[in-house]
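Summary of the model geometry
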Amino acid sequence: MVKLSRIGQIAVNVRNAKRSIEFYRDTLGMEFLFEVPHMGFFNCDGIRLMLAESPTPDVHHPASVIYYGVDDIHQTFDTLSQAGVVFTSPPRLVATVEGVDLWIGFFHDPDDNVVGLMSEVPHV
């Protein structure tokens, strides 16, 4: 039996690869790997993120929400807000589980994909 478990790559639909590459690389500070025509690739701590223009309009829609883990969600919120990112939902506490507070916040990328930030803060 096959058991899939490791994510190797996540694809995000974009309308303009160049614009999205600049946003993810320059505004969000993600590690840029390489670019090929109509696609850009980033390293997300061992998982590759692919930003890809679609040749057909049937997939021109926002992607599933990808949550990026950050150490300090409030500092990340402040830094990204200063860089011009408009949050649709600023960081908020959503759960306390096993001695950890889970904080999340959301914003949109240039193609209206929802981007999530999450931070698991241990109780002191």
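First, a word on what this report is: a plain description of the structure on this page. Just so you know, the residues in each chain are numbered from 1, in the order the chain's sequence is written. Per-residue local features of the predicted model are confined to residues with pLDDT of at least 70, and side-chain atom pairs are confined, for both listing and counting, to 80 or more; whole-chain, interface and lining totals are unaffected and use all residues. The side-chain numbers reported here are obtained from all heavy atoms of the structure, hydrogens and water having been left aside.

**What to know about the nonpolar core**
Most often, soluble globular proteins keep nonpolar side chains buried together rather than apart. Val12, Tyr24, Leu28, Leu49, Leu51, Tyr68 and Phe107 are the most contacted members of the largest nonpolar core, which totals 21 residues. Looking at this core, the elements with two or more residues in it are strand 1 (9–14), helix 1 (17–27), strand 4 (47–53), strand 5 (66–69), helix 2 (73–82) and strand 8 (114–122). Ranked by residues supplied to this core, first place goes to helix 1 with four residues. Contacts are assigned to residue pairs that have any heavy atoms within 4.5 Å of one another. When near neighbours in sequence (up to four residues on either side) are disregarded, Tyr24 contacts Val12, Gly29, Met30, Phe42, Leu49, Leu51, Tyr68, Asp109 and Val115. Grouping buried Ala, Val, Leu, Ile, Met, Phe, Trp, Tyr and Cys residues that are joined through side-chain atoms within 4.5 Å yields what is termed a nonpolar core. Remark: exposure states derive from per-residue accessible area (1.4 Å probe, protein chains only) relative to the maximum for the residue type, with buried under 20%, exposed over 50%, and partly exposed in between. A run of DSSP states H or I qualifies as a helix once it reaches four residues; a run of E qualifies as a strand once it reaches two. Both are numbered from the N-terminal end.

**Considering empty space enclosed by the protein**
With a 1 Å grid laid over protein atoms only, a set of points is called a cavity when a 1.4 Å probe fits there but cannot get out and a pocket when it is open yet has protein on both sides within 12 Å along at least five of seven lines; lining residues have an atom within 4 Å of a point. Grid points are joined across faces, edges and corners, and a volume is the space filled by probe spheres set on the points. Evaluation of the coordinates by the stated rule reveals two cavities of 30 Å³ or more. In this structure, the largest cavity occupies an estimated 60 Å³ of space. As for the largest cavity, its lining consists of Val12, Tyr24, Ala63, Ser64, Ile66, Tyr68, Asn113, Val114 and Val115. Put simply, the parts of the chain that give the lining of the largest cavity at least two residues each are strand 5 and strand 8. Under the scheme applied here, ten amino acids are nonpolar (Ala, Val, Leu, Ile, Met, Phe, Trp, Tyr, Cys and Pro), four are charged (Asp, Glu, Lys and Arg), and all others, including Gly, are polar. For the lining of the largest cavity, the class distribution of residues is seven nonpolar, two polar and no charged.

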